[in-house]
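Spelled out from the first residue to the last, the chains are:
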Amino acid sequence: MHDIVILGGGSGGYACALRASQLGLSVVLIEQDKLGGTCLHRGCIPTKALLHAGEVADTAREGESIGVQSTFNGIDMTKVNAYKDGVIGRLYKGLQGLVKSRDITYVEGTGKLVAANAVEVNGQRYEGKNIVLATGSYAKSLPGLEISGRVMTSDQALQIDYVPKSVIVLGGGVIGVEFASVWKSFGVDVTIIEGLPSLVPAEDAAVTKAMERAYRKRGINFKTGVRFQSAIQDDTSVTITLDSGETHTADLLLVAVGRGPRTEDLGYEQQGINVDRGFVLTTDRLATNIPGIFAVGDIVPGLQLAHRGFQQGIFVAEEIAGLAPATIDELGIPRVTYSEPEIASIGLTEAQAIEKFGEIEAYEYNLGGNGKSQILGTAGFIKLIRKKSDGVVIGVHMIGTRVGELIGEAQLIYNWEGTAADVAPFVHAHPTQNEAMGEAFMALAGKPLHAHA
Ligand SMILES: Cc1cc2nc3c(=O)[nH]c(=O)nc-3n(C[C@H](O)[C@H](O)[C@H](O)COP(=O)(O)OP(=O)(O)OC[C@H]3O[C@@H](n4cnc5c(N)ncnc54)[C@H](O)[C@@H]3O)c2cc1C
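Below you will find a few notes about this structure. Just so it is clear, the structure is predicted and the values come from calculations on it, not from any experiment.

What the protein chain contains, in helices and strands, is 13 helices and 24 strands. Against the compact-globule benchmark of 22 Å for 453 residues, the protein chain has a radius of gyration of 23 Å, which places it among compact chains. Counting only C-alpha atoms and orienting by the principal axes, one finds that the protein chain spans roughly 65 × 60 × 45 Å. Here the protein chain holds 453 residues, and the buried ones make up 51% of them. Within the protein chain, residue pairs in contact and separated by at least 24 positions form 62% of the contacts whose partners lie at least 6 positions apart.

And the structure:
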């Protein structure tokens with residue numbers, strides 16, 4: 001009998017395996033596809049590689065405007081894919097080496113929960129004092145919308161070996177706007193269709209507005225508050241019809257309407273685990289209702305992010321080892337959208353903060369006053385939200401080129417419950433974009449330097 005049997009080798013599962021082995025626990029890690037899961041092979045890493053290729057394409061186009069003689073001559077998708085796959089391949093090899101170097105029993109195959117303490121793979125039973133479910137998620141579609149041919153999810157979109165002329169992106173959330181950004185940079189005519197009233201609707205209202213302005217400026221078309229009805233495709237194109245009767249035609253349709261939990265037919269419900277619309281319900285200590293069975297990652301309701309999966313995996317390993325780790329504050333998990341411009345946020349939006357605390361204060365520091373942002377030619381802002389009662393910062397929201405890199409400091413401030421008085425004395429290097437964070441806090445402390453009061 002092992003200490004832990006982990007089903008799924010993605011961000012949540014492998015992080016749990018690595019930490020558990022570090023703690024001297026005996027671990028079985030079961031994976032049916034590739035170690036690393038969605039994030040490494042079909043998610044975070046390939047999309048960010050494409051976004052970087054897009055950034056280089058934009059840089060080539062814009063060189064002339066700052067006196068650098070460069071021209072954009074097109075995208076060679078074979079080479080872009082080779083670059084992307086090279087990055088994945090190196091990380092995959094490194095991860096495989098890491099798992100091999102630890103005392104982890106790695107099992108290839110599709111596992112099924114067959115008892116409260118056992119998973120079966122290829123007819124072989126692996127028993128554990130504890131079981132960790134980490135089977136991740138899949139790209140959803142809409143009723144009646146079949147994924148085939150010109151209609152694809154991110155899984156197929158990451159594999160195409162040509163640059164389409166035009167694309168319709170169904171869904172203006174994180175994955176949708178990231179793909180829209182890549183394709184626009186590659187010279188594609190892009191139209192986003194979003195059912196909710198704005199792009200990136202989970203973000204603070206000021207950020208969504210700025211994002212829409214930036215996308216309009218980039219020439220990315222979008223329709224918000226409209227409902228998709230149907231799609232038909234032929235040899236040359238795909239046409240979608242909205243509820244209003246309006247139609248749009250393009251080479252491809254990317255369906256980016258969210259990700260569902262991969263929990264069907266895995267024995268979870270048969271073993272009595274509480275599941276809601278496919279998601280595995282857990283306590284804040286990630287325990288399911290069945291003693292000894294835990295769940296981590298995208299199958300647990302909440303933010304579907306790789307670093308949340310890592311942290312949950314580490315948490316469960318430490319919990320099983322008896323270290324009584326502190327619970328994870330879901331609001332303290334940083335969120336980054338890696339489009340151009342980038343969006344980065346943590347904590348509550350202004351609307352959520354008002355709902356929760358009533359009296360709050362919000363301050364926006366415009367990147368127009370930040371030297372490095374001007375050098376990069378980006379617009380945007382850092383928005384801080386604090387409680388009026390004690391001044392604790394409860395939300396940080398940013399938009400602009402490269403602001404994802406600023407989330408590190410924002411998350412420390414949020415998670416350490418910082419106030420303007422705590423942060424304003426810290427010196428931020430000049431000229432960095434990070435300096436804008438310092439400036440925002442100086443302003444909030446009542447002593448703005450490169451900003452109006
Ligand atoms: C296009 C895209 C871009 C993304 N970009 C980002 C980003 O930039 N940053 C970020 O934080 N997150 C991003 N994500 C989300 C991130 O990929 C997920 O949150 C993360 O992968 C979840 O980890 P997980 O371990 O829960 O699941 P997964 O990574 O999906 O891993 C689950 C694993 O379980 C295996 N499995 C399933 N069933 C079985 C079974 N029965 N037997 C054996 N093995 C099984 C699967 O093969 C898979 O490898 C992105 C996702 C997508 C799709």
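This brings us to the environment of Thr 349. With respect to the helices and strands, Thr 349 occurs in the loop between strand 21 (342-347) and helix 9 (350-357). Taking C-alpha positions, Thr 349 is 38 Å from Ser 21, a pair spaced 328 residues apart along the chain.

What follows is about unusual backbone geometry. With omega at 0°, the peptide bond leading from Glu 340 into Pro 341 counts as cis. Among the secondary structure elements, Pro 341 is positioned in the loop between strand 20 (335-337) and strand 21. A cis amide bond links His 430 with the next residue in sequence, Pro 431, at an omega value of -5°. Mapped onto the elements of the fold, Pro 431 is located in the loop between helix 12 (420-423) and helix 13 (435-444). Despite not being glycine, Arg 402 has its phi angle at roughly 65°, a positive value. Along the chain, Arg 402 falls in the loop between strand 24 (393-400) and helix 11 (407-415).

Within the largest apolar cluster, 46 residues are counted, with the highest numbers of intra-cluster contacts made by Ile 6, Val 132, Leu 133, Tyr 268 and Val 316. It is helix 1 (residues 11-22) that contributes the most residues to this core, five residues altogether. One finds Met 77, Met 152, Trp 183 and Val 200 within the second-largest nonpolar core, a separate group that totals 35 residues.

As a structural note, the neighbourhood of the ligand is formed by 38 residues, with Glu 31, Thr 38, Lys 48, Asp 298 and Ala 306 the closest of them. One nitrogen or oxygen atom from the main chain of Cys 44 is found 3.4 Å from a nitrogen atom belonging to the ligand. Those elements that place two or more of their residues in the shell around the ligand are helix 1, strand 2 (27-31), helix 2 (37-42), helix 3 (44-62) and helix 8 (306-320). The leading source of residues in the shell around the ligand is helix 2, at four residues. Counted by class, the shell around the ligand contains ten nonpolar, 20 polar and eight charged residues.

This part takes up helix 4 (residues 77-101). An α-helical segment advances 3.6 residues per turn. Residues three or four places apart therefore align on the same side. In this model helix 4 runs 36 Å from its N-terminal to its C-terminal C-alpha over 25 residues, within 8% of the 36 Å that 1.5 Å per residue would give. Every buried residue of helix 4 is accounted for by Met 77, Val 80, Asn 81, Lys 84, Ile 88, Tyr 92, Leu 95 and Val 99. Buried residues belonging to helix 4 abut helix 1, helix 2, helix 3 and strand 3 (104-108). Between the side-chain oxygen of the N-cap and the backbone nitrogen of Thr 78 there are 3.1 Å, and the N-cap of helix 4 in question is Asp 76.

Moving on to the packing of aromatic side chains. Throughout the structure, instances matching the rule amount to two aromatic pairs. Look at Tyr 14 and Phe 310: their rings are 5.8 Å apart centre to centre, the planes differ by 55°, and that puts the pair in the tilted class. With Tyr 14 in helix 1 and Phe 310 in helix 8, this residue pair connects regions lying 296 residues apart in the sequence. Assessed through its relative accessible area of 28%, Phe 310 is described here as partly exposed. With centroids separated by 5.4 Å and ring planes inclined at 40°, the aromatic side chains of Phe 179 and Trp 183 adopt a geometry described as tilted. Taken as a pair, Phe 179 and Trp 183 lie in helix 6 (residues 174-185) at a separation of four residues, close to a single helical turn. We classify Phe 179 as buried; its relative accessible area is 3%. Assessed through its relative accessible area of 5%, Trp 183 is described here as buried.

Before going further, it helps to spend a moment on the pattern of salt bridges. With the rule as written, the count across this model stands at 18 salt bridges. Between Lys 48 and Glu 178 there is a salt bridge whose closest N-O contact spans 2.7 Å. Separated by 130 residues along the polypeptide, Lys 48 in helix 3 and Glu 178 in helix 6 bring together distant segments of the chain. Relative accessible area serves as the criterion here: at 5%, Glu 178 is assigned to the buried category.

Following both chains from N to C, one finds helix 6 and helix 7 (residues 205-218) inclined at 25°, their axes separated by 11 Å at the closest point. With respect to each other, helix 6 and helix 7 are oriented roughly parallel. Remark: the crossing between helix 6 and helix 7 carries left-handed chirality. Residues Val 177, Ala 180, Ser 181, Lys 184 and Ser 185 of helix 6 form the contact with helix 7, whose own contacting residues are Met 211, Tyr 215 and Arg 218.

An order of 12-13-14 is seen for the three strands of this open sheet, with the pairing classed as antiparallel. Each edge of the sheet is formed by a strand with only one pairing partner; in this case those strands are strand 12 (228-233) and strand 14 (247-250). Direction aside, the axes of adjacent strands within the sheet are offset by 20° on average. Note: strand 12 against strand 13 (residues 238-242), five bridges, orientation antiparallel. Within strand 13, the residue paired with Ala 231 across the bridge is Ile 240.

What follows deals with the state of the cysteines. A disulfide bridge is the covalent bond that connects two cysteines by way of their sulfur atoms. Taken as a whole and assessed by the stated rule, the structure comprises one disulfide. Between the sulfur atoms of Cys 39 and its disulfide partner Cys 44 the distance amounts to 2.2 Å. On the sign convention where negative is left-handed, the bridge of Cys 39 and Cys 44, at about -130° about the S-S bond, is left-handed. The exposure class assigned to Cys 39 is buried, which follows from its relative accessible area of 15%.

Here is what the cut-offs are and how they apply
Residues numbered from 1 in each chain as written. Predicted model: local features only at pLDDT ≥ 70, side-chain atom pairs only at ≥ 80, totals over all residues. Heavy atoms only, no water. Helix = DSSP H or I, 4+ residues; strand = E, 2+ residues; numbered from the N terminus. Rg over C-alpha atoms; globule rule 2.2 N^0.38 Å. Buried < 20%, exposed > 50% of the residue type's maximum accessible area, 1.4 Å probe, protein only. Contact = heavy atoms within 4.5 Å. Core = buried A, V, L, I, M, F, W, Y, C linked by side-chain atoms within 4.5 Å. Near = heavy atom within 4 Å. Polar contact = N/O pair within 3.5 Å; in protein donor to acceptor, adjacent residues only side chain to side chain. Nonpolar A, V, L, I, M, F, W, Y, C, P; charged D, E, K, R; others polar. Expected span 1.5 Å × (residues − 1). Phe/Tyr/Trp six-rings, centres within 6.5 Å; stacked < 30°, edge-to-face > 60°. Salt bridge = Lys/Arg side-chain N within 4 Å of Asp/Glu carboxyl O. Axes fitted to C-alpha atoms, helices over the stretch in contact; angles between N-to-C directions. Parallel < 35°, antiparallel > 145°, perpendicular 65-115°, else oblique. Left-handed = near helix turned anticlockwise from the far one by under 90°. Pairing = 2+ DSSP bridges. Disulfide = S-S within 2.5 Å.

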